[in-house]
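Examining the three-dimensional arrangement
Chain by chain, the residues run as shown.
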Amino acid sequence: MEHKLRLNKPAFNLNTPTFDWDAGFPVGNGRLGAMVRGLLCGEVITLNEDSLWYGPHADRGNPDGKAHIEEIRSLLKQGKVREADKMCYMALTSVPKYFGAFEPMGELYIYFNHSDKITKYQRELDLANALANVSYQVDGMRVRRECFASYPDQVMVFRLSADKPELDVHFNIMRRPCDLGTEVVQSDILHMPGQCGPDGVRFSCLLGAQSD
């Protein structure tokens, strides 16, 4: 039995000019994640990393906890669970109560300089092998796009192939509206720095390309 999801259209909401997030195919390795939409003449892949939360490190311990812990225990021993629960809510929850929001790392944009006369389009999520694939016919060639997340190597991999050498591809990574720009580190490596709010986590996203 095959464990695959197959669709014959990209993750695009026809009612609004936006991408349909729920219709994208997810891949990940527990730390890194991506949502692959499978668009026609380009691709937009949302990138995630699990440590990117907004805001600085903070001691969020409630200062009222120590003063009220014995009272809470006493209420529980008396069977006054509702009163104890209310006291826990006031004295033991963190300060501030809510943590900073999780933030995406950015988006990888891939542009294909080929015709939009695409036929035999299919995208597939292979659950058994953790692969998100897109394939189609265009300009007399067969194009295939594959995406997976490697756990041993801790990288996201995007493999583009065609049965003819005319595949012209361009890449960009960005993080709007918090974009700090992108720089060329080497001829085949792009670097996108980022920060999750004032005094928040600083990170670097690197995009490397190899071609045969």
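Our structure's up above, just so we're on the same page.
Quick look at the structure, then. Predicted model, so just to flag it, every value in this text is computed and none were measured.

**Overview of the side chain of N133**
In this structure, N133 sits in strand β7 (residues 131-138). Taking the relative accessible area as the measure of exposure, N133 reaches 4% and is therefore buried. Excluding residues within four positions of it along the chain, N133 makes contact with Q122, R123, E124, R144, R145 and E146.

**Points about the nonpolar core**
Of all hydrophobic cores here, the largest spans 31 residues; its most connected members are I45, L47, L108, A132, Y136, M156 and I173. Discounting chain neighbours no more than four positions away, the residues touching I173 are E107, L108, T182, L190, M192, C205 and L207.

**Focus: the sheet that holds strand β3 (residues 32-36)**
Strand order in the open sheet made by the five strands is β2-β3-β4-β5-β10, with antiparallel pairing throughout. Only two strands of the sheet have a single neighbouring strand rather than two, namely β2 (25-28) and β10 (169-174). Averaged over all adjacent pairs, the angle separating strand axes in this sheet is 20°, with direction ignored. Summarising the sheet, β2 and β3 pair through four bridges and their orientation is antiparallel. Looking at β3, one finds that P26 is bridged to M35.

**Here we look at helix α1 (residues 65-77)**
Think of an α-helix as 3.6 residues a turn; residues three or four steps apart then line up on the same face. The end-to-end C-alpha distance of α1 is 18 Å, a good match for the 18 Å that 13 residues give at a rise of 1.5 Å each. On the buried face of α1, the contacting elements are α2 (81-91). Positive phi shows up at G79, right after α1, with a value of about 80°.

**Overview of the pattern of salt bridges**
Tallied over the full model, the rule gives nine salt bridges. A salt bridge links E124 to K4; the nearest nitrogen and oxygen atoms lie 4.0 Å apart. Here K4 lies in strand β1 (residues 4-7) and E124 lies in strand β6 (residues 119-126), a separation of 120 residues in the sequence. A salt bridge links E70 to R73; the shortest N-O distance between them is 2.8 Å. Of this pair, E70 and R73 both sit in helix α1, separated by three residues, roughly a single helical turn. One salt-bridge network, in which partners are shared between bridges, spans K4, R6 and E124.

**Regarding the pairing of β6**
Across four bridges, the pairing between β1 and β6 is antiparallel. Of the residues in β6, the one forming a bridge with L7 is R123. Bridge count for β6 against β7 is six bridges, and the pairing is antiparallel. Across the sheet, residue D126 finds its bridge partner in β7, namely L131. Taking the residues that link successive antiparallel strands as the turn, the β6-β7 hairpin has four residues, and the phi of A130 there is positive, at about 55°.

**Some words on unusual backbone geometry**
Omega for the bond connecting V95 with P96 falls within 30 degrees of zero, at -10°, which places this linkage in the cis form. Here P96 lies in the loop between α2 and β5 (106-112). Look at A130: it is not a glycine, yet its phi comes out positive at around 55°. With respect to the secondary-structure elements, A130 resides in the loop between β6 and β7. Note on A130: relative accessible area 45%, which makes it partly exposed. Unlike most non-glycine residues, Q154 shows phi in positive territory, near 55°. For Q154, the location among the structural elements is in the loop between β8 (141-150) and β9 (155-162).

How each quantity is defined
- What you see as residue numbers is a count from 1 along each chain, following the sequence as written.
- Given that this is a predicted model, residues contribute local features only at a pLDDT of at least 70 and side-chain atom pairs are listed and counted only at 80 or more, while totals for whole chains, interfaces and linings are drawn from all residues.
- Derived side-chain values reflect all non-hydrogen atoms in the structure, with water molecules and hydrogen atoms excluded from consideration.
- We count a stretch as a helix when DSSP gives it H or I for four or more residues in a row; a strand needs E for two or more, and each element gets its number in order from the N terminus.
- Classification of residues uses two cut-offs on accessible area relative to the type maximum, computed with a 1.4 Å probe and protein chains only: under 20% is buried, over 50% is exposed, and between them is partly exposed.
- Only heavy atoms matter for contacts: two residues are in contact if any of them lie within 4.5 Å across the pair.
- Only buried Ala, Val, Leu, Ile, Met, Phe, Trp, Tyr and Cys residues count toward a nonpolar core, and they belong to the same one when joined by side-chain atoms within 4.5 Å.
- Strands are treated as partners if at least two bridges between them are detected by DSSP.
- Fitted lines through C-alpha atoms serve as axes, helices being fitted only where they are in contact, and the angles separating the N-to-C directions of these axes extend from 0 to 180 degrees.
- Between the first and last residue of a helix there are one fewer steps than residues, each counted as 1.5 Å, and that sum is the expected span.
- One side-chain nitrogen of Lys or Arg within 4 Å of one carboxyl oxygen of Asp or Glu is enough to make a salt bridge.

These values are about where atoms sit, not about what they do.
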